[in-house]
Amino acid sequence: MSGSIETPEGGNKRIALLIALLALTLAFSEIGGKNAEQEAVAKNIEASNLWAFFQAKTIRGTTVRTATEALEVELAGVTDEAARQRLTKRIESWKQTVARYDSEPETNEGRKELAARAKAAEAQRDIAAARDDKFDIASGLIQIAIVISSAAIITGVGLLAATGGLLGLAGIALMALAQFAPTALF
């Protein structure tokens, strides 16, 4: 014997295989976490851009609405029929513009549609963030499992390998939650 404590029936080989599987699982968990993190950032940017567009539409609408109201006041003092018709036509055009700023289903760029799109992007961001959190915890559990399993080889204590295996299973369960039910538990 070379001084290492060998567990019965090639236990070190099984523990080494467990560690290899845990390392593979860790790689998948890290990839899943990185993808979720990137998606959360992308959806946050998308939501921010949509809310900025929403604010721009609000400012434009307020400006046009104010101009319309001023023109309506001016219209009251105009006696020339041709000028009244021009002003009335302009007022109606501006009112249509304000209405289009509020809702424009054809382009999906009215305030109403922009707010819905921004809220949807925020919801997707929150799901991706929850997914990332679970992948992070799963990665931590799997890393601890690898360390504990490695200690089992050095010490020959089989209970450490079993503990490492259970922690690895817990990490895998969290990975499954992250992928299929990211908002479950916490």
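The coordinates are above.
Everything numeric here is computed off the predicted structure, so don't read it as measured data. (Residues numbered from 1 in each chain as written. Predicted model: local features only at pLDDT ≥ 70, side-chain atom pairs only at ≥ 80, totals over all residues. Heavy atoms only, no water.)

*Asks:* Looking at this structure, how should I read the packing of helix α1 (residues 11-76) against helix α4 (residues 158-180)?
*Replies:* For any two helices packed against each other, one specifies the crossing angle of their axes together with the interaxial distance. Two elements in contact, α1 and α4, have axes separated by 11 Å at closest approach and are oriented at 20°. By the criterion of interaxial angle, the relationship of α1 to α4 is roughly parallel. For α1 against α4, the interelement crossing comes out left-handed. Residue-level inspection shows Ile15, Leu18, Leu22, Thr25, Phe28 and Ser29 of α1 in contact with α4, the latter providing Ala161, Gly164, Gly165, Gly168, Ile172 and Met175. When grouped by side-chain class, the residues that make up the contact of α1 with α4 number seven nonpolar, five polar and no charged. (Axes fitted to C-alpha atoms, helices over the stretch in contact; angles between N-to-C directions. Helix = DSSP H or I, 4+ residues; strand = E, 2+ residues; numbered from the N terminus. Parallel < 35°, antiparallel > 145°, perpendicular 65-115°, else oblique. Left-handed = near helix turned anticlockwise from the far one by under 90°. Contact = heavy atoms within 4.5 Å. Nonpolar A, V, L, I, M, F, W, Y, C, P; charged D, E, K, R; others polar.)

*Asks:* Any chance you could explain the environment of Val64 here in plain terms?
*Replies:* Looking at the element boundaries, Val64 is found in helix α1. For Val64, a relative accessible area of 17% puts it in the buried group. Among all residues touching Val64, those that are not within four sequence positions of it are Trp94, Val98 and Tyr101. (Buried < 20%, exposed > 50% of the residue type's maximum accessible area, 1.4 Å probe, protein only.)

*Asks:* Honestly, the packing of helix α3 (residues 111-155) against α4 in this entry has me stumped. Any pointers?
*Replies:* Packing of α3 against α4 brings their axes to within 8 Å, and their N-to-C directions diverge by 165°. As the angle between them shows, α3 and α4 are arranged roughly antiparallel. Like other packed secondary-structure pairs, α3 and α4 cross with a definite hand, here left-handed. A per-class count over the contact of α3 with α4 returns 18 nonpolar, eight polar and two charged.

Take it as geometry only, folks, not as evidence of what the structure does.
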